[in-house]
Structure formats: C-alpha cells, structure tokens
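# Architecture at a glance
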Amino acid sequence: MFAHHSGAAEFDVNSSIELTGVVTKVEWTNPHAHFYMDVTDASGKVANWNLELASPNVLVRTGWTRHSLKEGDKVTVTGLKAKDTANVGHANTITFPDGRKLNFGSGPGN
C-alpha cells in the first residue's frame, strides 16, 4: 500500500468520475499533490474540483515532473468521487487532448 491512510475511507470505489476541464492550480505538496480544475456542465455552470494525486515522491518515480501538469492545461480526468464532499475526487488518469496520459496506478480502486 502506497498511502499512509485508507483511500477507501474517503473515496467511493463504486462512484467513478470522468471530468473534462481546465487546470486552475497545481499543488506539489506532501502527503499528496493536488490539482484544481474548472469543469463546465451542460447548462454552462462552472464547478471547481479539487483532485488528489499521489505524493510527489510517487509521482516522480512514475515519470512525472513538477511541470507535467500546468495551469491552463485542458484535460480529462478519470478517478473516484469523495464519499461526502462535493467536487472532490481522487485522480487516477489524466488525459490531454493529444492523447498523452499521466497516471500513477496508486490509490483507491487500483
């Protein structure tokens, strides 16, 4: 187990998400990196999502750099929704418009 706590306690392994939007902020911090993205729904309403990643150490070991994901990037994210918090999730795979993918295979559901 890579995590210092149970991801299944916070994230619903039966509630997958797929979000497309624009990255607004990236936090390369311990114990987990996070990024935020604006997602626009069909009615035009914008919601800012907080998406958890692995620790920076795990990300680097799987090929990421601090600059792999940047503000302004348009991405599609698959992952898991938090059990009891709106607009919070755990990102498993991040896909760019050119098909390039970032993932790390760590976390709930992997």
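These figures come from a predicted structure and were not determined experimentally. (Residues numbered from 1 in each chain as written. Predicted model: local features only at pLDDT ≥ 70, side-chain atom pairs only at ≥ 80, totals over all residues. Heavy atoms only, no water.)

## As for the confidence of the model for the chain
Any residue range with low pLDDT should be treated as having predicted coordinates unsuitable for detailed reading. Let me state the cut-off plainly: pLDDT runs from 0 to 100 and stands for how confident the predictor is about each residue. Each helix corresponds to a stretch of at least 4 residues labelled H or I by DSSP, and each strand to a stretch of at least 2 residues labelled E; elements are numbered beginning at the N terminus. Should any heavy atoms of two residues lie within 4.5 Å, those residues are considered in contact.
In this model, the chain carries an average pLDDT of 85, and 83% of its residues clear a pLDDT of 70 or more. Put simply, helix 1 (residues 7-10) is where the chain has its lowest mean pLDDT, 54, and strand 2 (residues 34-40) is where it has its highest, 97. Within the model, the stretch residues 1-6 combines pLDDT values under 50 with six contacts to residues more than four positions away or in other chains. Throughout residues 106-110 the model reports pLDDT below 50, and contacts reaching past four residues in sequence, or to other chains, amount to 15 contacts.

## Quick word on the pattern of salt bridges
The criterion, for reference: The working definition used for a salt bridge is a side-chain nitrogen of Lys or Arg within 4 Å of a carboxyl oxygen of Asp or Glu. The rule is simple: take the accessible area with a 1.4 Å probe, protein chains only, and divide by the maximum for that residue type; under 20% is buried, over 50% is exposed, in between is partly exposed.
Inspection of the entire model under this criterion finds three salt bridges. Between Asp-73 and Lys-70 there is a salt bridge whose closest N-O contact spans 3.9 Å. The class of Lys-70 is partly exposed, set by a relative accessible area of 41%. As a salt-bridge pair, Arg-100 and Asp-98 come within 4.0 Å of each other at their nearest N and O atoms.

## As for the environment of Val-77
Relative to the assigned elements, Val-77 resides in strand 4 (residues 74-82). With a relative accessible area of 0%, Val-77 lands in the buried category. Taking C-alpha positions, Val-77 is 9.7 Å from Lys-101, a pair spaced 24 residues apart along the chain. Ignoring sequence-local partners within four residues, the contact set of Val-77 consists of Ile-17, Glu-18, Leu-19, Phe-35, Met-37, Leu-51, Ala-91, Thr-93 and Ile-94.

## A word on the side chain of His-32
Our working definition: We define a polar contact as two N or O atoms separated by no more than 3.5 Å, with the added condition that, inside protein, one atom must be a possible hydrogen donor and the other a possible acceptor, whereas residues neighbouring each other in sequence contribute only through side-chain atom pairs.
Looking at the element boundaries, His-32 is found in the loop between strand 1 (11-27) and strand 2. Classification of His-32 by relative accessible area gives buried; the value is 11%. Only 3.1 Å separates the side chain of His-32 from the backbone oxygen of Leu-53, close enough to count as a polar contact.

## Overview of the packing of aromatic side chains
Heads up, the rule is: Working definition: a ring pair exists when centres of Phe, Tyr or Trp rings (six-membered ring for Trp) sit within 6.5 Å. Plane angles under 30 degrees give stacked, over 60 give edge-to-face, the rest tilted. For a lysine, the NZ atom is tested; for an arginine, the CZ atom; a charge sits over a ring if that atom is within 6 Å of the ring centre and within 35 degrees of the ring normal.
Under the criterion given, the structure shown has zero aromatic pairs. Geometry around Phe-96 places Arg-100 over its ring, the cationic atom sitting 3.8 Å from the centre.

## Topic: the nonpolar core
Going by this rule: Residues belong to a common nonpolar core when they are buried Ala, Val, Leu, Ile, Met, Phe, Trp, Tyr or Cys residues joined through side-chain atoms within 4.5 Å.
Core analysis: the biggest nonpolar cluster contains 22 residues, and Phe-35, Met-37, Leu-51 and Ile-94 have the highest contact counts within it. Going through the elements one at a time, strand 1, strand 2, strand 3 (46-52), helix 2 (56-61), strand 4 and strand 5 (88-95) are the ones with two or more residues in this core. The contact partners of Phe-35, leaving out residues within four places of it in the chain, are Val-23, Lys-25, Val-26, Trp-49, Asn-50, Leu-51, Leu-53, Leu-69, Val-77, Ala-91 and Ile-94.

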